[in-house]
Amino acid sequence: MARTTLERVESYLPERSVRIEELGEHLGLRRAELGVFRKFYGLDTLRFDPDLDLFDLLRPAARSALDALPAGGRLAYLVYAHTTQAVTPADVEPAQVLRRELGLDGAEAFGLSHQACVSSLGALDVIGELLRAEGDENAYALMVTGERAFSPIVQHIPNTAIMADAAAACLVTLDGRGDTVLSFVTRTLGEYADWLDLTPEQNNEFGQQYGPRIAEVIRLAVAEAQLTFEDIELIIPHNVNMLAWRQAVKALEVPQEKVFLDNVPRYSHTFASDVFVNYTTLRDEGRLLDGAHYVMVSVGLGATFGAMVITHRKGADLA
């Protein structure tokens, strides 16, 4: 079976950076609550520009990823993966706007959101299946992710995260020169679907399951890739907070250095873009090794846990 490959991964962060304390009044958070986010959850700064238009956020990474489309390549699909189901007014379809603005009139464009912050990884899995059904070796797809923290109810997840602005894009094909997708595993705990109305008991129960469930999907994805955990160079995670990842590290029984957490205090949680922002940080710092295996991991409210194993190939960096 033809393998899904990530030919180019790009990300974009707005220039405006703020300390979390600057958002206290906007989010209705007291000094003590902000202190918890800083001291225990490890947050410091994040990118947040309330004047930035959604499509101004999305275009830069999308255009950079499209630069890797080779002569003769056909962009068959544009998939916009997002966490919040309503990211634009009801009469604006963001995938269609992106298709028009990027000049991709021949591509089929649609959005995916029902796995929340795992939607970007899920979109890559869907794209692989679509391209295999397409049966055209010159067919490519563009996955775009990114959304704005446009209101306090979207930006603040109580006792969990403060959301930030970022975007990412992946140019995808089959059996290309880029990073090879070896496996993708998800697990959904539907009893936590109505996350805004969970009881205190349910919230406590979910918190107790968080680390073990992340560990479970990582182990399953590694096994499905026919690898052992010793074969994994690094886990590339979402940036929800440091406390959650300490729990996951404990459940995995690995050193914390096995998980890339440098961007948690720098950028905070950026919806479905985290793993790609972290990927490009590692790539740009020269920390992705040719032939090494990595696990991209995210969790979406609702609650879906997802892990994707990839093998990095230097050809993607040089494309």
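Before reading on, note that the structure itself is shown above.
Everything numeric in this text was worked out from a predicted model, so none of it was measured.

Undergrad: I tried to follow the packing of aromatic side chains on my own but got confused; where do I start?
TA: Aromatic ring pairs are reported here in terms of the distance separating the ring centres and the angle at which the planes meet. Counted under the stated rule, the structure contains 2 aromatic pairs. Taking 5.2 Å as the distance between ring centres and 70° as the angle between the ring planes, the aromatic pair formed by Phe-37 and Tyr-41 counts as edge-to-face. Both residues of the pair, Phe-37 and Tyr-41, count as buried. Aromatic side chains Tyr-210 and Phe-305 sit 5.8 Å apart centroid to centroid with 65° between the ring planes, which places their arrangement in the edge-to-face category. With Tyr-210 in helix α7 (residues 200–224) and Phe-305 in strand β13 (residues 304–311), this residue pair connects regions lying 95 residues apart in the sequence.

Undergrad: Hey, could you run me through helix α10 (residues 274–284) in this one?
TA: For an α-helix, the turn length of 3.6 residues means that residues three or four places apart are oriented alike. In terms of residue burial, α10 counts as a mostly covered element, since 10 of its 11 residues are buried. For α10, the full list of buried residues reads Asp-274, Val-275, Phe-276, Val-277, Asn-278, Tyr-279, Thr-280, Thr-281, Leu-282 and Arg-283. At the exit of α10 stands Gly-286, carrying a positive phi of roughly 70°.

Undergrad: Help me out: how do you make sense of the sheet that holds strand β12 (residues 293–300) in this one?
TA: In a beta sheet, neighbouring strands are held together by backbone hydrogen bonds and run either parallel or antiparallel to one another. Taken together, 9 strands build an open sheet; the order of strands is β5-β4-β6-β9-β1-β10-β13-β12-β11 and the sheet is mixed. Two strands in the sheet have a free side with no partner beyond their single neighbour: β5 (108–112) and β11 (232–236). Along the sheet, successive strands turn relative to each other by an average axial angle of 25°, direction set aside. Sheet analysis places strand β6 (residues 139–147) next to strand β9 (residues 166–174), joined by 7 bridges and oriented antiparallel. Bridge pairing in β9 places Met-143 opposite Cys-170. Across the sheet, α7 is in contact with β10 (179–188), β11, β12 and β13; its angle to β13 comes to roughly 30°.

Analysis parameters
Residue positions are counted from 1 within each chain, in the order its sequence is given. Only residues with pLDDT of 70 or above have their local features reported here, since the model is predicted, and side-chain atom pairs are shown and tallied only from 80 upward, although totals for entire chains, interfaces and linings are computed over all residues. As a rule here, side-chain values come from all non-hydrogen atoms in the structure, and water together with hydrogens is ignored. Stacked, tilted and edge-to-face pairs are distinguished by plane angle, under 30 degrees for stacked and over 60 for edge-to-face with tilted covering the rest, among Phe, Tyr and Trp rings (Trp via its six-membered ring) whose centres lie within 6.5 Å. The classification of residues rests on relative accessible area computed with a 1.4 Å probe and restricted to protein chains. Under 20% of the type maximum is buried, over 50% is exposed, and intermediate values are partly exposed. Numbering of helices and strands runs from the N terminus, with a helix taken as a DSSP run of H or I at least four residues long and a strand as a DSSP run of E at least two residues long. Strands were regarded as paired on the criterion that DSSP finds at least two bridges between them. Axes, fitted as lines to C-alpha atoms, cover a helix only where it is in contact. Angles between the N-to-C directions of the axes lie from 0 to 180 degrees. Two residues form a contact once any of their heavy atoms are found within 4.5 Å.

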